[in-house]
Amino acid sequence: MLGDINYELGIDIGGTFTDLTLKEIDGAGIWNVKTPTVPKDPASGISNGLQLLKEKGIDLTKISYFVHGMTIGLNTLPKWSKNWLIRNRGFPRYSFNPASASASTI
């Protein structure tokens, strides 16, 4: 039931750290945890971060919204490239300039 759900969770897996930010839906509380990324098993970083939230007394079953990003993916793209074309089925094409970290729709 929606009335029983209290949190929104955002996770970013980076090259060095995995960051988790948890927010109460009503805006009353916000928690941030950081744990080392495990390059051979990025899901371990998520599990470790969730454990840290549990240790803070957070009931993980009360998460109603979850969003995930992986900046670690950008780290794998060649730094010497002037521009990249990133395509996803169902989404517009984007041109990304790594030198300025700017993106534009093409």
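Just above sits the structure.
A few points on the structure. (Residues numbered from 1 in each chain as written. Predicted model: local features only at pLDDT ≥ 70, side-chain atom pairs only at ≥ 80, totals over all residues. Heavy atoms only, no water.)

Side note on the overall build of the chain
A count of helices and strands for the chain gives two helices and seven strands. Within the chain, the proportion of its 106 residues that are buried is 23%. Restricting to contacts in the chain with at least 6 residues of sequence separation, those with at least 24 account for 34%. Accessible surface for the chain amounts to roughly 7,400 Å². Of this, 57% is attributable to carbon and sulfur atoms. (Helix = DSSP H or I, 4+ residues; strand = E, 2+ residues; numbered from the N terminus. Buried < 20%, exposed > 50% of the residue type's maximum accessible area, 1.4 Å probe, protein only. Contact = heavy atoms within 4.5 Å. Areas by Shrake-Rupley, 256 points an atom, 1.4 Å probe, with all protein chains shown as cover.)

Comments concerning the side chain of Thr37
For Thr37, the location among the structural elements is in the loop between strand E3 (30-36) and helix H1 (42-55). On the basis of relative accessibility, which here comes to 9%, the residue Thr37 falls in the buried class. Only 3.0 Å separates the side chain of Thr37 from the backbone oxygen of Phe17, close enough to count as a polar contact. (Polar contact = N/O pair within 3.5 Å; in protein donor to acceptor, adjacent residues only side chain to side chain.)

Structural notes on the nonpolar core
Counting 11 residues, the largest nonpolar core consists of Tyr7, Leu9, Ile11, Ile13, Leu20, Leu22, Val33, Ile46, Leu53, Ile58 and Ile72. Counting only elements with at least two residues in this core, the list comes to strand E1 (7-13), strand E2 (17-24) and H1. Per-element accounting of this core gives the leading share, four residues, to E1. Aside from chain neighbours lying at most four places away, what touches Ile58 is Tyr7, Leu22, Trp31 and Leu53. (Core = buried A, V, L, I, M, F, W, Y, C linked by side-chain atoms within 4.5 Å.)

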